[in-house]
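Close look at the chain arrangement
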Amino acid sequence: MTDNSIILRAQDITKSYASEKNADPLVVLDGVSLEIQHSQITSIVGSSGSGKSTLLHILGGLDSPDSGNVFWGEKNLAKMHTDQLAEFRNKNIGFVFQFHHLLPEFTALENVCMPALIAGTDMEEANDRAVRLLQRFGVENRKSHRPTQLSGGEQQRVSMARAVMNNPALILADEPTGNLDERNTEIILDLLFELRDEYQVSVLLITHEEDIAKRSDTILEMKKGKLQAL
Ligand SMILES: Nc1ncnc2c1ncn2[C@@H]1O[C@H](COP(=O)(O)OP(=O)(O)O)[C@@H](O)[C@H]1O
Ligand SMILES: [Mg+2]
């Protein structure tokens, strides 16, 4: 692999949270380094509270580390202003969380269109692409429904469509199937692998599904503030 194939590089990330008065701070990330390659699926496993979500938020620029840097190519996230960072995220990263985070007052179709409209894509083009994605994910017949009218599996499929709307280089998925039954878990995880094959998108997946972790290109475990190969 050449360096060109690395889309994200995190170097020596640390993060602590203050704990009770006079107690030592809670060290969540204690020098985490990570590289994400183009078109690769990386799974992160680890017990609850081990710092997986904290790391994912830092990699995606939703939170900042106490020390260490996150580079996307030559770009250091720490050097970006809030609005630049928001624009960067919108163009380059698709987030999928355990809970769908769809906007309740909008339909499935409108939710999927949103990232493209924010990026300045015209309405008709956004609409066409969103409909194609909803078709692709098997929820086109639910496009006029609001999130509360959808099942958990449908909500996550709509969330995935929204996440890939702007053709991101990376999907950051934080236990996207944590709330789903076995069948829907399989559908969502298969979709992630298909997206990688179709669009060469990279995926960083936090998961408890051991089988899926084993199917990925790299499996890492968060333990005692460190990320280690499994
Ligand atoms: N904003 C916060 N303030 C204080 N403690 C936090 C905060 N966010 C997370 N933590 C703590 O940091 C640890 C790691 O949390 P998290 O990254 O969510 O773990 P995981 O995703 O692996 O379950 C947990 O002990 C959690 O309680
Ligand atoms: Mg978590």
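Parameters at a glance
Positions within a chain are numbered from 1, following the residues in the order the chain's sequence is written. Here chains are named by letter from A upward and ligands by number from 1 upward, in the order in which they appear as written. A pLDDT threshold of at least 70 governs which residues receive local features in this predicted model, and a stricter bar of 80 or more applies before side-chain atom pairs are shown or counted, although totals over entire chains, interfaces and linings include all residues. In this text, helices come from DSSP runs of H or I with a minimum length of four residues, and strands from runs of E with a minimum of two, each type numbered from the N-terminal end. Only C-alpha atoms enter the radius of gyration, while the globule expectation follows 2.2 Å times N to the 0.38, with N the number of residues. Residue burial here comes from a neighbour count, namely the number of other C-beta atoms, placed from the backbone, that lie within 10 Å of the residue's own C-beta, with 20 or more meaning buried, 12 or fewer meaning exposed, and in between meaning partly exposed. Once C-beta atoms have been placed from the backbone, residue pairs whose C-beta atoms lie within 7 Å are recorded as contacts. When DSSP locates at least two bridges between a pair of strands, those strands are taken to pair. Contact assignment follows one rule, namely that a residue is near a molecule or strand if its backbone-placed C-beta atom lies within 6 Å of it. Side-chain classes are defined by residue name, with Ala, Val, Leu, Ile, Met, Phe, Trp, Tyr, Cys and Pro counting as nonpolar, Asp, Glu, Lys and Arg as charged, and the others, Gly among them, as polar. Here the expected length of a helix is defined as 1.5 Å per residue gap, with one fewer gap than residues. Working convention: axes come from line fits to C-alpha atoms, limited for helices to the stretch in contact. Angles between N-to-C directions cover 0 to 180 degrees. The labels follow the angle: roughly parallel below 35 degrees, roughly antiparallel above 145, roughly perpendicular from 65 to 115, and oblique for the rest. Throughout, a crossing is termed right-handed when the near helix is turned clockwise from the far one, and left-handed when it is turned anticlockwise from it by less than a right angle. Joining buried Ala, Val, Leu, Ile, Met, Phe, Trp, Tyr and Cys residues through C-beta atoms within 7 Å gives a set, and that set is a nonpolar core.

1. Overview of the overall build of the chain
Check the secondary structure of the chain and you find seven helices and ten strands. In summary, the chain has a C-alpha radius of gyration of 18 Å against a globular reference of 17 Å for 230 residues, a match within 12%. Its C-alpha atoms give the chain principal-axis dimensions of about 55 × 45 × 40 Å. For the chain, with 230 residues in total, the buried portion stands at 39%. In the chain, 70% of the contacts between residues at least 6 apart in sequence involve partners at least 24 apart.

2. Here we look at the sheet that holds strand β5 (residues 75-76)
Spatially, β2-β1-β4-β5 is the arrangement adopted by the four strands of the open sheet, whose pairing is antiparallel. Only two strands of the sheet have a single neighbouring strand rather than two, namely β2 (26-37) and β5. In this structure, strand β1 (residues 6-17) lies alongside β2, joined through nine bridges in antiparallel fashion. Looking at the pairing, Tyr17 lines up with Leu26 of β2.

3. Here we look at the site of ligand 1
Close contacts around ligand 1 come from Tyr17, Leu26, Val28, Gly46, Ser48, Gly49, Ser50, Gly51, Lys52, Ser53 and Thr54, and that covers them all. Here the shell around ligand 1 gets three residues from one element, more than from any other, and that element is helix α1 (residues 52-59). Residues of the shell around ligand 1, tallied by class, amount to three nonpolar, seven polar and one charged.

4. Section: helix α5 (residues 152-164)
In this model, α5 (13 residues) spans 19 Å end to end at C-alpha, consistent with the 18 Å of a helix rising 1.5 Å per residue. Of all the 13 residues making up α5, eleven are buried; the element is thus mostly covered by neighbouring parts of the structure. If you check which residues of α5 are buried, you get Glu154, Gln155, Gln156, Arg157, Val158, Ser159, Met160, Ala161, Arg162, Ala163 and Val164. Of the surrounding secondary structure, the elements contacted by the buried residues of α5 are β6 (93-96), α3 (108-118), α4 (123-136), β7 (170-174) and α6 (182-199).

5. A short note on the packing of α5 against α6
Running from N to C, α5 and α6 cross one another at 15 degrees; their axes reach a closest spacing of 9 Å. Taken together, the axis directions place α5 and α6 in an arrangement best described as roughly parallel. The handedness of the crossing between α5 and α6 is right-handed. Seen from α5, the contacting residues are Gly152, Gly153, Gln156, Met160 and Val164; seen from α6, they are Asn184, Ile187, Ile188, Leu191 and Leu195. Taken together, the residues of the contact of α5 with α6 sort by class into six nonpolar, four polar and no charged.

6. What to know about the nonpolar core
Among the nonpolar cores identified, the biggest contains 57 residues, and Val112, Ala161, Ile171 and Leu204 are the most heavily contacted of them. Each residue touching Ala161, except ones within four places of it in the same chain, is listed here: Val112, Ala130, Leu133, Leu134 and Phe137.

7. Structural notes on the packing of α3 against α4
Between α3 and α4, whose axes approach to 9 Å, the crossing angle comes to 125 degrees. It follows from the interaxial angle that α3 and α4 lie oblique. Helix-helix and strand crossings are classified by hand; for α3 and α4 the assignment is right-handed. Facing α3, whose interface residues are Ala108, Leu109, Val112, Cys113, Ala116 and Leu117, α4 presents Met123, Ala126, Asn127, Arg129, Ala130, Val131, Leu133 and Leu134. When its residues are assigned to classes, the contact of α3 with α4 shows twelve nonpolar, one polar and one charged.

8. Thoughts on unusual backbone geometry
For Asp12, which is not glycine, the phi torsion reads 50 degrees and is therefore positive. For Asp12, the position within the fold is in strand β1. Backbone geometry at His101 places phi at a positive 60 degrees, although glycine is not the residue there.

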